[in-house]
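The residues making up each chain are set out below.
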Amino acid sequence: AQSVTQLDSQVPVFEEAPVELRCNYSSSVSVYLFWYVQYPNQGLQLLLKYLSGSTLVKGINGFEAEFNKSQTSFHLRKPSVHISDTAEYFCAAPGGSQGNLIFGKGTKLSVKP
Amino acid sequence: DVKVTQSSRYLVKRTGEKVFLECVQDMDHENMFWYRQDPGLGLRLIYFSYDVKMKEKGDIPEGYSVSREKKERFSLILESASTNQTSMYLCASRPVVGLAAYEQYFGPGTRLTVT
C-alpha cells in the first residue's frame, strides 16, 4: 500500500538547537515529495518540495530536506530552531486514488526557551 | 499568490443539523479537495472534484456530500451532523498542468464542533 510515514509524533527541542524530522515513503508512491507546516489554528503552508534535480532542497524559514532514494527518506532539518518554529509538520507525496496527496500523520515540533 | 478561503474559522452546530462548509479559490484551479484532520490520524480525503459538477469519493465520504456549481467554489455538506464529525476541515485546490499539478494549496481550515 502507498504510504508516507513520519516516525516521530512529537519532537521537543530547545531554542537554537538543531532538529531533524523524519519521513519515509513507500517506493510505490511517486517520488515527488512535500513538507507542509501548520501553525496553531491555521491551514497548511508549503515549506518545501522535491520534484526533480538536486536532492538537497531548501525551503522557507531556513528549513531544508534531503531526498534519499536508497533509504526512501525525505528528512526535514534546520540547524538552529526558533520559538516561532513551534508547529505541526506534515510530509506528503502524491499517490492517492484520486491523484491527491497522501500525508503522514504529522510531527509536532515544540521549541522551548 | 494563490488564495483559498473558507467561509468560517470556527463553527458550532447541534446534532442533526444540516451544515454547509464553503471553500473558494481564486486561481482558476480545476481540482479541489476536502480533507478532515484529526489528532494522530493526519489528513484524510473526504471528497475530490476534478471540474465543475464533477466529484469523486475519497477515503471517508460517509455522512458527507459535496457541490461544485462554479469552478472557484467547492462546498462540503453534512446532511445530518453527528458528534463524530467534530473535526478540523481543510479545503485545498491545485492546477492540473505540469509539475505544479502535484502541489496543493490549502485554506485556513474550519474547526467544526457538533454538540
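Here is a short report on the structure shown in this document. Sequence order as written defines residue numbering, which begins from 1 separately in each chain. Throughout, the order in which chains and ligands are written sets their labels, letters from A for the former and numbers from 1 for the latter. For a predicted model such as this one, the threshold for reporting local features is a pLDDT of at least 70, and the threshold for listing and counting side-chain atom pairs is 80 or more; totals across whole chains, interfaces and linings nevertheless cover every residue. Hydrogens and water are ignored here; the side-chain numbers use all heavy atoms of the structure.

For the rest of this paragraph, the subject is the overall build of chain B. Only DSSP runs of H or I covering at least 4 residues are called helices, and only runs of E covering at least 2 are called strands; the numbering of each starts at the N terminus. Scanning chain B from terminus to terminus reveals zero helices and 11 strands. When the helices and strands of chain B are listed from N to C terminus, the series reads β-β-β-β-β-β-β-β-β-β-β. For the radius of gyration, the atoms used are the C-alpha atoms, and the globule rule reads 2.2 Å times the number of residues raised to 0.38. Relative to the globule expectation of 13 Å for 115 residues, the C-alpha radius of gyration of chain B, 13 Å, shows essentially globular dimensions. Taken along the three principal axes of its C-alpha coordinates, chain B extends 45 × 30 × 25 Å. For chain B, the residues scored as buried account for 48% of the 115 residues in total. Every residue pair with non-hydrogen atoms within 4.5 Å of one another is taken to be in contact. Long-range pairs, those at least 24 residues apart, make up 55% of the contacts in chain B between residues at least 6 apart in sequence. Under the scheme applied here, a residue whose accessible area is under 20% of the maximum for its type counts as buried, over 50% as exposed, and between as partly exposed, the area being computed with a 1.4 Å probe on protein chains only.

With that settled, consider the environment of A:Asn61. Residue and element names in this part refer to chain A. Take Asn61: it is sitting in the loop between strand S7 (56-58) and strand S8 (64-68). On the basis of relative accessibility, which here comes to 40%, the residue Asn61 falls in the partly exposed class. Other than its neighbours up to four places away in sequence, Asn61 contacts Tyr39 and Lys78. Pairing of N or O atoms within 3.5 Å defines a polar contact, subject to two protein rules: one partner must be a possible hydrogen donor and the other a possible acceptor, and residues neighboring in sequence count only if both atoms are side-chain atoms. At 3.2 Å, the side chain of Asn61 forms a polar contact with the side chain of Tyr39.

With glycine set apart, most residues show a phi of negative sign, and most peptide bonds adopt trans. The backbone of A:Glu16 sits at a positive phi, close to 75°, despite the residue not being glycine. Relative to the assigned elements, A:Glu16 resides in the loop between strand S2 (10-14) and strand S3 (19-21).

Moving on: the packing of aromatic side chains. We call Phe, Tyr and Trp rings a pair once their centres come within 6.5 Å, taking the six-membered ring for Trp, and we label the pair stacked below 30 degrees between planes, edge-to-face above 60, and tilted otherwise. Throughout the structure, instances matching the rule amount to 14 aromatic pairs over all chains. Summarising the aromatic geometry, the rings of A:Phe103 and B:Phe106 are spaced 5.9 Å apart at their centres and angled 75° between planes, so their arrangement reads as edge-to-face. With A:Phe103 in strand S11 (residues 101-103) and B:Phe106 in strand S10 (residues 105-106), this residue pair bridges two chains. In this pair, the class of A:Phe103 matches that of B:Phe106, namely buried.

Moving on to the layout of surface pockets. Within this model, the largest pocket holds a volume of roughly 570 Å³. Only protein atoms enter the 1 Å grid, on which a cavity is a set of points fitting a 1.4 Å probe that cannot get out and a pocket is an open set with protein on both sides within 12 Å along at least 5 of 7 lines, lining residues being those with an atom within 4 Å of a point. Contributing to the lining of the largest pocket are 28 residues, with A:Gln38, A:Glu88, A:Lys108, B:Gln37 and B:Pro39 lying nearest its centre. Among the secondary structure elements, those contributing two or more residues to the lining of the largest pocket are S2, strand S10 (87-94) and strand S12 (107-112) of chain A together with strand S4 (31-38) and strand S9 (87-94) of chain B. We call Asp, Glu, Lys and Arg charged. Ala, Val, Leu, Ile, Met, Phe, Trp, Tyr, Cys and Pro are nonpolar, and the rest, Gly among them, are polar. When the residues that make up the lining of the largest pocket are grouped by side-chain class, the tally is nine nonpolar, 13 polar and six charged. Grid points are joined across faces, edges and corners, and a volume is the space filled by probe spheres set on the points.

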